[in-house]
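Here's the letter readout for the chains.
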Amino acid sequence: MLEKTPSDRPDAAQRPEADTVGPHAVPLTLRVNGMTHTLSITPETTLAQALREQLDLTGTKIACDRGACSACTVWLDGAPVCSCMVLALEVGAREVTTIEGLTDREALHPVQAAFIEHDAIQCGFCTPGLIMSCVALLKRTPHPSEHEIRAAISGHLCRCGTYPHVLSAVLAAARTEEA
Amino acid sequence: MNGFEWMSPGSLEQAARAASATVATAMACRSGTPASDAAVLKAGGMDLLDLMKEGLLSPRRLINLRTLPGLDRIEPAGGGLRIGPNVTLAQLAADERLRTRWSALADSAGGAASPQIRQIATLAGNLLQRPRCWYFRSRAHHCVRKGGETCFAFAGENQYHAIFEHNGCAIVHPSTCATALVALGARLEITDRAGAKRTVSLEEFFLLPQADLQRENRLESGEIVTAIELPAQPASVRSVHLRYAQTESFDRPLAEVAVVLDLAEAVCRKAAIVLGACAPVPHRARAAEAALTGQRIDEALARAAAHAALQDAMPLSGNAYKVPIFTAVVRRAILAALVA
Ligand SMILES: Cc1cc2nc3c(=O)[nH]c(=O)nc-3n(C[C@H](O)[C@H](O)[C@H](O)COP(=O)(O)OP(=O)(O)OC[C@H]3O[C@@H](n4cnc5c(N)ncnc54)[C@H](O)[C@@H]3O)c2cc1C
Ligand code: SF4
Ligand code: FES
Ligand code: FES
C-alpha cells in the first residue's frame, strides 16, 4: 500500500495541534471524592503527591514510590491503581476516590469496621491502600472466595504481616453486607 | 524525577515526528549521566517513570500516547486478532476471545505484576520495558547495556539472570506477555515518522546481546508500535502460559513457559514452546518442540521434552537452581496444554 506523507493527507489541516505544557507549573482540574479541585502542578507531580501535598488527603500513603507495594492505592473510575505511578496530569476527567471518600459520613465503611474488629491493622501504613482494594473487590464480587481475596490484595505489601487478619476481615465484611 | 514537558499529540504522526529517541538510545551514554534532551514516547508510564525516578533516564519531553484514539481496542482481523498497543494487561486478562482461543496471552497478562499495575500498564509498553537486572537498575553500576565498560552480573550476584544465550550480558527478557506472544506467532505492526507501516514477527523483533548490547529490540526512534497481531488459530490449537515465582503474589517470575500445541487427539501436529525469564530474549525450545512433533503426548514424552528444552542450559555461578525449576515447569505446561 502506498502511504502518503502526513502533510499530503486531506485531513491534515483539521488535525488538532499538539498540546505541550511544562516544565513549569500548569493549572489542573481534578475530581476527587465527588468534589472538583483546581490546582497548579508541574508535570512530574504524581497523583499520590497531588493528593497528599496539595489537597491534604494524606490517607493515601507513599511507601516504595515505584508501583511495588500498593500502599498508594486509590480508585480511578472505581478501579484500584497505584497513584504513585500515575501522573496527576493524566487523570483527566476520571473520578478519583481515596480512603477519605469511601463514605460520605463520619461513620466507618463496613470494611474499615471489620479491619478494626479483626485486628487487621498493626502500624497502619499499608491499611488505607489495602482497604481500597478490598472495598473494590466487594463491589465487584460481593461474596468473594478466599482465593479471590488473595488475588485482589496480591499487590499489597504489609511489613507487619496482617495478611491473615485482612482475609478474615474481608470475609466477615462480606457476611455483614449480606445481613 | 526530573522536570519535563508534557506533550499530548493530536495524531500518531505528530507523536512519531516529536519522538527524538527510543528509551534505549536516550539511556545509553559513556559517562553515566543520561542525555537530557530526548523526547520519548509514554504509554502507561510504569517503566518510564521507574527509570526516571531512579535517575537512569531524564528526558526533556514525554509524548503521551495514551490519549490518541483507537489504540486501545482488541478487534477481529482475518480470523485472528488485532490488539491496539494501548490495550492494558487488565483488558487482555479479561477478554473472552483471548481466554478461549489465545489463553496463553490472557494467562500471561493476568499473572504479570499486580492488579493495580495491570490496570495502567499497556501491552506495547510491556513488550518494550527495559530489563530488570539489578545492576542495570542501579545508578552506581554503569554497565555495558547502559554504555559502560563491564557487565557486573557474570562475577556478581546473578541468581535471577539468564541460563541461555548470555553473550556479554546476562539479562532475562523482562516481558511476561512476550513469552506467550512469541509462542503464539504474533507480529508487530510498526509505523514510522512518514506514516509508513512495516510488520515484523515478534520473535525477530527482539535482539540478543551479540546483535546489540544496548537495546533489546529493533525499534528505531520515531517508530510507534501500532498493533500486535495474533494469527488465526485453528480450533485444534491449545495454549497455556505457566509461571513459577518465589512468592504467590506479584513477584517477577523465576521461570515462565508458554506452550502452544496443535493437536489431533493427543497426537501433536505442531508445537511451539517458549521459555521466559531465562535468556535475553524469549527463548524458543526447538529441541523440545521437535520431541513432541508427530508424537502422542503423555507424561513420559512431556518429561523427555522438558529435559530436551534444558539440555543446552549454561547456568551462571548463582542460578543453576533454575534448571530443575524450568524442567518441571516445561513438563507441567505441556501436560496442561493437552487438557486446556
Ligand atoms: C511491582 C512490579 C511488578 C511487575 N511484574 C511484572 C511481571 O511479572 N511481568 C511483566 O511482564 N512485567 C512486570 N512489570 C512491568 C510492567 O508490566 C511494565 O512496566 C509495563 O507493562 C510497561 O507498560 P507501560 O504501558 O506502563 O509502558 P511505559 O512505561 O509507558 O513504556 C515502556 C516503554 O515502551 C515504549 N512504548 C510504549 N508504547 C509504545 C508504542 N506504542 N510504540 C513505541 N514505543 C512504545 C516507551 O517509550 C518505553 O520505552 C512489573 C512492574 C512492577 C512495578
Ligand atoms: S547483565 Fe546486562 S544489564 Fe545486567 S549488568 Fe550485565 S550488561 Fe548490565
Ligand atoms: S507507594 Fe505506590 S506502589 Fe508503593
Ligand atoms: S500494618 Fe504495618 S505495614 Fe501493614
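Residues numbered from 1 in each chain as written. Chains lettered and ligands numbered in written order. Predicted model: local features only at pLDDT ≥ 70, side-chain atom pairs only at ≥ 80, totals over all residues. Heavy atoms only, no water.

Peer 1: Account for the site of ligand 1, with residues named and values stated.
Peer 2: Around ligand 1 sit 34 residues in total, of which Leu41(B), Gly45(B), Met46(B), Thr122(B) and Thr176(B) are the nearest. Taken together, the residues near ligand 1 originate from chains A and B. Ala113(B) is positioned such that a nitrogen or oxygen atom in its backbone is 3.3 Å from an oxygen atom of ligand 1. Note that a nitrogen atom of ligand 1 is positioned 2.6 Å from one of the side-chain N or O atoms of Thr176(B). Relative to its unbound accessible area of 980 Å², ligand 1 is 95% covered by the protein chains. (Near = heavy atom within 4 Å. Polar contact = N/O pair within 3.5 Å; in protein donor to acceptor, adjacent residues only side chain to side chain. Areas by Shrake-Rupley, 256 points an atom, 1.4 Å probe, with all protein chains shown as cover.)

Peer 1: Residue-level account of a nonpolar patch on the surface, with values.
Peer 2: Residue and element names in this part refer to chain A. On the surface, Leu-108, Ile-116 and Ile-121 cluster together into a nonpolar patch covering about 250 Å² of accessible area. Mapping Ile-121 onto the fold places it in the loop between α2 (110-117) and α3 (127-140). Residue classification places Ile-121 among the partly exposed residues on the basis of a relative accessible area of 30%. (Patch = residues over 30% accessible without salt bridge, like charges linked within 9 Å, V, L, I, M, F, W, Y side chains within 5 Å. Salt bridge = Lys/Arg side-chain N within 4 Å of Asp/Glu carboxyl O. Helix = DSSP H or I, 4+ residues; strand = E, 2+ residues; numbered from the N terminus. Buried < 20%, exposed > 50% of the residue type's maximum accessible area, 1.4 Å probe, protein only.)

Peer 1: Quick one: what's the story with the nonpolar core, residue by residue and with numbers?
Peer 2: Residue and element names in this part refer to chain B. In terms of nonpolar packing, the biggest core is built from 92 residues, with Leu-92 and Leu-230 touching the most fellow members. No other element matches the six residues that helix α9 (residues 176-183) contributes to this core. Ignoring anything within four residues of it in the chain, the contact list for Leu-230 reads Gly-80, Leu-81, Ile-83, Leu-98, Trp-102, Leu-105, Leu-181, Leu-184 and Ala-186. (Core = buried A, V, L, I, M, F, W, Y, C linked by side-chain atoms within 4.5 Å. Contact = heavy atoms within 4.5 Å.)

Peer 1: Outline the site of ligand 2, supporting the account with residue identities and numerical values.
Peer 2: Around ligand 2, the surrounding shell holds 13 residues, and the nearest of these are Cys133(B), Cys143(B), Cys151(B), Cys169(B) and Ala170(B). For the shell around ligand 2, the per-class residue count stands at eleven nonpolar, one polar and one charged. (Nonpolar A, V, L, I, M, F, W, Y, C, P; charged D, E, K, R; others polar.)

Peer 1: How would you summarise the pattern of salt bridges if you had to cite specific residues and measurements?
Peer 2: Under the criterion given, the structure shown has 27 salt bridges over all chains. Across the salt bridge formed by Arg82(B) and Glu189(B), the nearest N and O atoms sit 3.0 Å from each other. In this pair, Arg82(B) sits in strand β5 (residues 80-83) while Glu189(B) sits in strand β6 (residues 187-191), placing the two residues 107 residues apart along the sequence. Classification of Glu189(B) as buried rests on a relative accessible area of 7%. Because the salt bridges share partners, they merge into one network encompassing Asp65(A), Arg66(A), Lys53(B) and Glu54(B).

Peer 1: Residue-level account of the confidence of the model for chain B, with values.
Peer 2: Per-residue pLDDT for chain B averages 96, and the proportion of residues at 70 or more is 100%. Here the predicted complex scores 0.95 on pTM and 0.95 on ipTM. (pLDDT = per-residue confidence, 0-100.)

Peer 1: Before we move on, can you summarise unusual backbone geometry with the specific residues and values?
Peer 2: With the exception of glycine, most residues fall at negative phi, and the peptide bonds are largely trans. Residues and elements named next belong to chain A. For the bond running from Gly-22 to Pro-23, omega is 0 degrees, close enough to zero to count as cis. When you line up the elements, Pro-23 lands in the loop between β1 (19-21) and β2 (26-32). Here the phi dihedral of Asp-77 falls at roughly 50 degrees; this positive angle occurs in a residue that is not glycine. Here Asp-77 shows up in the loop between β4 (73-76) and β5 (79-82). With a phi close to 60 degrees, Asp-119 is a non-glycine residue in the positive phi region. Mapped onto the elements, Asp-119 comes out in the loop between α2 and α3.

Peer 1: How would you summarise the domain arrangement of chain B if you had to cite specific residues and measurements?
Peer 2: All names here are of chain B. Taken domain by domain, chain B consists of domain 1 (5-64), domain 2 (74-128 + 173-230) and domain 3 (237-338). The partner domain 2 presents 17 residues to the 14 residues of domain 1 that form the contact. Buried surface at the junction of domain 1 and domain 2, summed over both partners, amounts to about 1200 Å²; 74% is from carbon and sulfur atoms. It is Leu-12, Ala-16 and Met-46 in domain 1 that bury the most area against domain 2; as a group they hold 35% of the surface buried on that side. One can count zero salt bridges joining domain 1 with domain 2. For the pair domain 1 and domain 2, the interface holds two residue pairs in polar contact (both at pLDDT 80 or more). Among the elements that make up the side of domain 1 that touches domain 2, the one with the highest residue count is helix α1 (residues 12-18) (four residues). Each residue belonging to the side of domain 1 that touches domain 2 can be placed in one class, and the counts come to ten nonpolar, three polar and one charged. (Domains from an automatic or database assignment. Buried area = accessible area lost by both parts, 1.4 Å probe.)

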